[in-house]
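# Coordinate analysis (summary)
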Amino acid sequence: AAAAAAASAASTVGAAGGGLGTGAGSGGRDDPHAFDPASLPQSDANSNAHIKHEFGDASAKFYAKAFFAEQFRNLRLHFVQGGEAAYTHSLSRCLKWAAAGGKSGSAFCKTVDDRYVVKQMSRLEMQSFFEFAEHYFQYMHQAFHAQRPTVIAKIVGVYRIGFKSTATGRSMKQDVLVMENLFYGRNISRIFDLKGSTRSRYVQSTGAQDDVLLDENLLEMIQASPLYIRQHTKMVLLKAIWNDTHFLSQLDVMDYSLLVGVDEERQELVVGIIDYIRTFTFDKKMEMWVKSSGILGHYGKMPTVVSPEKYMARFRESMQHYFTSIPCKWTPFMDVVM
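Residues numbered from 1 in each chain as written. Predicted model: local features only at pLDDT ≥ 70, side-chain atom pairs only at ≥ 80, totals over all residues. Heavy atoms only, no water.

### A look at the sheet that holds strand β3 (residues 94-96)
Within the open sheet, the seven strands sit side by side as β1-β2-β6-β7-β5-β4-β3. Their pairing is antiparallel. Strands at the two margins of the open sheet, each flanked by one partner only, are β1 (51-56) and β3. Direction aside, neighbouring strands of the sheet carry axes that sit 25° apart on average. By the bridge criterion, three bridges tie strand β4 (residues 108-111) to strand β5 (residues 116-120) in an arrangement that is antiparallel. Pairing of phenylalanine 108 across the sheet is with lysine 119, part of β5. Contacting β3, β4, β5, β6 (155-165) and β7 (171-180), helix α3 (residues 83-91) runs over the sheet at an angle of about 45° to β6. Contacts from helix α4 (residues 123-145) reach β2 (60-67), β5, β6 and β7, with the element oriented near 140° to β6. (Pairing = 2+ DSSP bridges. Helix = DSSP H or I, 4+ residues; strand = E, 2+ residues; numbered from the N terminus. Axes fitted to C-alpha atoms, helices over the stretch in contact; angles between N-to-C directions. Contact = heavy atoms within 4.5 Å.)

Shown next as structure tokens:
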């Protein structure tokens, strides 16, 4: 009954500019770290931008709040296939997903049709998103209409979901984001999470298909088997990375990654910038200081966490070296000779 009610709510909220599905909750109590938009200036936490829907029966009450409902609806018009009906249908059926490589401790779900990833958001992530949401919508709008290269993995919805049982008193409240699944419809054989750092960026591969390898794993692999891409493709990729990292740096965002999937069946690389919500907050500054001091070892290596400007510069330089360009029919003859 709860699943049916949740699907009904998804349809109602979706028609107004948002959507919600079941399966995103993973606790039996309120999240003590939930972010309160009312703590932001009124211009940033404008209640008119959000839509709340409540439903239930005598035994329990459920609610779903779609943040920035109209802005996300406009974004999905450009990027989501099948429109709002298909989006709502996808979110109505979700399953828990143990995302490989994740260190945040956040709960993850995937829609049953594999189109979307649902991630639990911490209080700091919610606060960061509210601070740069309007910039994000504007950037994605300009990228679409100006045909500007971008590889940012698109967030297509942010919601607060919860319930309270009137019979037992049990309750749950959770903030979640919905992001496109970059690997939807793909046969991915290898996955890399790249930050442009070689400090503690190596993991032991288990050989499983969903292993998430890191920068040092990639550097080890490309010594014998480089990732070849056409020269024009590399130019477009680097331009997209340049655009996106400049945008993120301007908003004090760092510690993002380039997720790379190797689709050997199509002989293609699938890429997208992920984990771009956290800003350069006090905890990140402390982490940078501790790692830079050498207290934890790794002398001579730049820490993974640095200022947004340094992170951007290192990220750009590393991505340029990680992918090897090869000439194609569009490559000028002199470039090949040189």
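### What about the layout of surface pockets?
Of the pockets and cavities examined, the second largest pocket occupies roughly 1400 Å³. In terms of lining residues, the second largest pocket is bounded by 40 residues, among which Arg186, Glu268, Leu269, Val270 and Val271 are the most central. If you list the elements that add at least two residues to the lining of the second largest pocket, you get α4, β10 (227-230), α6 (231-250), β11 (257-263) and β12 (268-274). For the lining of the second largest pocket, the class distribution of residues is 23 nonpolar, seven polar and 10 charged. (1 Å grid on protein atoms, 1.4 Å probe; cavity = no way out; pocket = protein on both sides within 12 Å on 5 of 7 lines; lining within 4 Å. Points joined across faces, edges and corners; volume = space filled by probe spheres on them. Nonpolar A, V, L, I, M, F, W, Y, C, P; charged D, E, K, R; others polar.)

### Looking at α3
Looking only at α3, the buried set comprises Glu84, Tyr87, Thr88, Ser90 and Leu91. Here the buried residues of α3 occupy an arc of 160° about the axis, which is enough to place them on one side. (Buried < 20%, exposed > 50% of the residue type's maximum accessible area, 1.4 Å probe, protein only. Arc of directions from axis to C-beta.)

### Section: the packing of aromatic side chains
With the rule as written, the count across this model stands at 19 aromatic pairs. An angle of 10° between the planes, with centres 5.5 Å apart, marks the rings of phenylalanine 55 and phenylalanine 62 as stacked. Judged by relative accessible area, which is 21%, phenylalanine 62 ranks as partly exposed. Note on tryptophan 97 and phenylalanine 108: the rings are 5.9 Å apart at their centroids and 90° apart in plane angle, and the pair reads as edge-to-face. Of this pair, tryptophan 97 sits in the loop between β3 and β4 while phenylalanine 108 sits in strand β4, and the two are 11 residues apart along the sequence. Given the relative accessible area of 17%, phenylalanine 108 is considered buried. The ring of phenylalanine 79 has lysine 154 sitting right over it, with the charged end atom 4.7 Å from the ring centre. The ring of tryptophan 242 has arginine 316 lying over it, and the distance from NZ or CZ to the ring centre is 3.5 Å. (Phe/Tyr/Trp six-rings, centres within 6.5 Å; stacked < 30°, edge-to-face > 60°. Lys NZ or Arg CZ within 6 Å of the ring centre and 35° of its normal.)

### Structural notes on unusual backbone geometry
With the exception of glycine, the majority of residues adopt a negative phi angle, and the majority of peptide bonds are in the trans configuration. Unlike most non-glycine residues, phenylalanine 68 shows phi in positive territory, near 50°. Along the chain, phenylalanine 68 turns up in the loop between β2 and α2 (69-79). What makes phenylalanine 68 buried here is its relative accessible area of 3%. Here the phi dihedral of glutamine 147 falls at roughly 55°; this positive angle occurs in a residue that is not glycine. Its location among the elements puts glutamine 147 in the loop between α4 and β6. According to the relative accessible area criterion, glutamine 147 is exposed, its value standing at 65%.

### Some thoughts on the pattern of salt bridges
Within this structure, the stated rule accounts for 14 salt bridges. As a salt-bridge pair, lysine 119 and glutamate 125 come within 3.1 Å of each other at their nearest N and O atoms. When sorted by exposure, lysine 119 lands in the same class as glutamate 125, which is buried. Among the charged side chains, a network of salt bridges with common partners joins Arg186, Asp263, Arg266 and Glu268. (Salt bridge = Lys/Arg side-chain N within 4 Å of Asp/Glu carboxyl O.)

### A word on the sheet that holds strand β8 (residues 190-194)
Spatially, the four strands line up as an open sheet ordered β9-β8-β11-β12, and their pairing is mixed. For this open sheet the edge positions go to β9 (212-213) and β12, each flanked by a neighbour on one side alone. As paired strands, β8 and β9 are joined by two bridges and run parallel to one another. Of the residues in β9, the one forming a bridge with isoleucine 191 is valine 212.

### Some thoughts on the pairing of β12
Alignment of β11 against β12, held across seven bridges, turns out to be antiparallel. Bridge assignment links leucine 258 to a residue of β12, and that residue is isoleucine 273. Here β11 hands over to β12 after four residues, with glutamine 267 in that stretch at a positive phi of 55°.

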